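So the chains spell out like this:
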Amino acid sequence: STRNYLGKDAWHQNQNYFQGGMDEVRVWSVARSQDEIRATMNRQLQGSEADLVGLWNFDDGTATDVSPNGNEGVLMGGATTVESNLAAPSNTVQTATGQPRSPLGTGGVLELNGEGSYVELPATAFAHLTDVTVEGWVRWDIFHQCSRLIDLALDGVLINIQCRGGQWGDVLWA
């Protein structure tokens, strides 16, 4: 079966890994409007919001799904979480020592090394979805060609968000 990943390509083995940090990764079972996205983009969610299928904030040092859906992730290949010490939203994304900061406040940030680290999500977590919105705070350290933010297997369709890179420049594709 097709797998679901944060930071890894579901189509190709051992390539297209993400290098950087992620926080507050959200998957919704609806196509959210621009206004709906803006209303929550700079705050942490509780996990109980309507239509939220998965929420990974990494605050407990794991890839636990904070929503009631139980889509627990597993840190793989050296994926780690580090503490963010930013007290309020800001455009600053690193501490003086170079550690990642989340613009959403204190808590954990997923850190992926671009060399095989990723989060594996349950294979059937999103198989029932026909509409989806994916949101999250992302800091790419290096734009590798085709490096993945997320790969999801929906109802008969595999979708992803990736840095295309190469001849296309450093652009995101979804």
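The structure we're discussing is the one just above.
Residues numbered from 1 in each chain as written. Predicted model: local features only at pLDDT ≥ 70, side-chain atom pairs only at ≥ 80, totals over all residues. Heavy atoms only, no water.

### Section: the environment of Thr124
Then step 1. Position of Thr124 relative to the elements: it lies in the loop between β7 (118–121) and β8 (133–140).
Then step 2. Residues Thr124 and Asp155, spaced 31 residues apart in sequence, show a C-alpha to C-alpha distance of 9.6 Å. (Helix = DSSP H or I, 4+ residues; strand = E, 2+ residues; numbered from the N terminus.)

### Here's the deal with the pairing of strand β6 (residues 107–113)
Then step 1. For β6, a buried count of six out of seven residues is recorded, marking the element as mostly surrounded by other parts of the structure.
Then step 2. Where strand β2 (residues 19–28) meets β6, four bridges bridge the pair, whose relative direction is antiparallel. The residue bridging Gly20 from the neighbouring strand is Leu112, located in β6. (Buried < 20%, exposed > 50% of the residue type's maximum accessible area, 1.4 Å probe, protein only. Pairing = 2+ DSSP bridges.)

### Re the nonpolar core
It is characteristic of soluble globular proteins that their nonpolar side chains tend to be buried jointly.
Then step 1. Formed by 24 residues in total, the largest nonpolar core has its most connected members in Leu6, Met22, Val27, Leu110, Phe126 and Ile150.
Then step 2. Contributing elements (two or more residues each) for this core: β2, β3 (52–56), β6, β7, β9 (147–153) and β10 (158–163).
Then step 3. Beyond its immediate sequence surroundings of up to four residues, Leu110 is in contact with Leu6, Gly20, Gly21, Met22, Phe58, Leu75, Ala79, Thr80, Thr81 and Val119. (Core = buried A, V, L, I, M, F, W, Y, C linked by side-chain atoms within 4.5 Å. Contact = heavy atoms within 4.5 Å.)

### Re the pattern of salt bridges
Pairs may arise between side chains of opposite charge once their charged atoms sit close together.
Then step 1. Summed over the entire model, instances satisfying the criterion amount to six salt bridges.
Then step 2. One salt bridge connects Arg32 with Glu135, and the closest N-O pair in it is separated by 2.6 Å. Here Arg32 is found in the loop between β2 and α1 (34–40), whereas its partner Glu135 is found in strand β8, with 103 residues between them in sequence. Like Glu135, Arg32 is buried.
Then step 3. Several salt bridges share partner residues, and in doing so they unite Glu24, Arg26, Arg32 and Glu135 into one network. (Salt bridge = Lys/Arg side-chain N within 4 Å of Asp/Glu carboxyl O.)

### Let's talk about the packing of aromatic side chains
Then step 1. One pass over the full model with this rule turns up four aromatic pairs.
Then step 2. Three or more aromatic residues link up through ring pairs in this structure, and these residues are Tyr5, Tyr17 and Tyr118.
Then step 3. If you follow Lys8 out to its NZ or CZ, it ends over the ring of Tyr5, 4.5 Å from the centre.
Then step 4. Cation over ring: Lys8 sits above Tyr118, and NZ or CZ is 5.4 Å from the ring centre. (Phe/Tyr/Trp six-rings, centres within 6.5 Å; stacked < 30°, edge-to-face > 60°. Lys NZ or Arg CZ within 6 Å of the ring centre and 35° of its normal.)

### Notes on unusual backbone geometry
Then step 1. The residue Glu24 is not glycine, and still its phi comes out positive at about 50°.
Then step 2. Mapped onto the fold, Glu24 is located in strand β2.
Then step 3. For Glu24, a relative accessible area of 1% translates into the label buried.
Then step 4. Within the chain, Phe58 stands out as a residue other than glycine whose phi angle is a positive 65°.
Then step 5. Inspection of the secondary structure puts Phe58 in the loop between β3 and β4 (74–76).

### Things to note about the environment of Val25
Then step 1. Inspection of the secondary structure puts Val25 in strand β2.
Then step 2. Through-space distance from the C-alpha of Val25 to that of Trp56 is 5.2 Å; in sequence the pair is 31 residues apart.
Then step 3. The contact partners of Val25, leaving out residues within four places of it in the chain, are Leu6, Gly54, Leu55, Trp56, Phe58, Glu135, Gly136 and Ile150.

### Details of the pairing of β10
Then step 1. Counting buried residues along β10, five of its six residues qualify, which places the element largely inside the surrounding structure.
Then step 2. By the bridge criterion, six bridges tie β9 to β10 in an arrangement that is antiparallel. Bridging across to β10, Leu152 finds its partner in Ile159.
Then step 3. Remark: four residues form the turn of the hairpin made by β9 and β10, two consecutive strands paired antiparallel; Gly156 in that turn has positive phi of roughly 80°.

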